[in-house]
Each structure stands twice: as C-alpha cells, then as structure tokens.
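# What the coordinates show
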Amino acid sequence: MAREERNVIGYTVGLISEFAKRFGIHPRQAYAYLKRFKGMEHLREHYGVLHTQSFPDTVEALAQVCQNNGGQLR
C-alpha cells in the first residue's frame, strides 16, 4: 500500500472517530451515517482541502453536508 493511501485511510478513520465522539454515537454508526448522507463522498472528493483543516472544523463541515442531504444530527 502506498504512503498516500495509508495517510488517507488513517485520516479517514480518525475523522470518523472524532465525528462519533462529537455526536455521541458508535464509530460504526458514524460511518453508516456519513455514507448514507454523502459525507464520505464529500470527504473523498475534497480530501485535498479537508485534511489541511482541524478535525473539529472538518467534522462540522461533514455534519453540514449530511444535514444538506437529509441527515438529522445537530
């Protein structure tokens, strides 16, 4: 596995964990929520920018993307 792939995977796992903590849910639930409401898609498309921001800022950005796509976590 290339270094860049490991970086993306590590960042994604950490971000899902922080998202779960922020909303008081299990990381599996956080992943399912992000996938269902297009947060994971947004992360894949905009990783280049998102990984330069803080986790709290990125978590809030993903929460907003999910809300825009029907998610109810606030």
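Before going into details, it helps to say that this report is about the structure given with it. Owing to the predicted nature of the structure, the values given are computational and were not obtained by experimental measurement.

### Notes on the overall build of the protein chain
Helix and strand content of the protein chain: four helices and zero strands. Shown N-terminal to C-terminal, the secondary structure of the protein chain runs as helices and strands in the order α-α-α-α. Relative to a compact globule of 74 residues, whose C-alpha radius of gyration would be 11 Å, the protein chain shows 12 Å and is just as compact. By its C-alpha atoms, the protein chain is 35 × 20 × 20 Å across when sized along the principal axes. Counting over 74 residues, the protein chain shows a buried share of 32%. Contacts in the protein chain between residues at least 24 apart in sequence constitute 68% of all its contacts with a sequence separation of at least 6. On the protein chain, roughly 4900 Å² of surface is accessible, and the fraction owed to carbon and sulfur atoms is 52%.

### Things to note about the packing of aromatic side chains
Per the stated rule, a full pass over the model turns up five aromatic pairs. Residues Y11 and Y47 carry aromatic rings whose centres are separated by 5.6 Å and whose planes lie at 75° to one another, so their mutual orientation is edge-to-face. With a gap of 36 residues between them, Y11 in helix α1 (residues 3-23) and Y47 in helix α3 (residues 39-50) connect regions that are remote in the sequence. Taking relative accessible area as the criterion, Y47 reaches 13% and is therefore assigned buried. Taken together, F19, F23, Y33 and F37 form an aromatic cluster joined through their ring pairs.

The rules behind the values
- Residues numbered from 1 in each chain as written.
- Predicted model: local features only at pLDDT ≥ 70, side-chain atom pairs only at ≥ 80, totals over all residues.
- Heavy atoms only, no water.
- Helix = DSSP H or I, 4+ residues; strand = E, 2+ residues; numbered from the N terminus.
- Rg over C-alpha atoms; globule rule 2.2 N^0.38 Å.
- Buried < 20%, exposed > 50% of the residue type's maximum accessible area, 1.4 Å probe, protein only.
- Contact = heavy atoms within 4.5 Å.
- Areas by Shrake-Rupley, 256 points an atom, 1.4 Å probe, with all protein chains shown as cover.
- Phe/Tyr/Trp six-rings, centres within 6.5 Å; stacked < 30°, edge-to-face > 60°.

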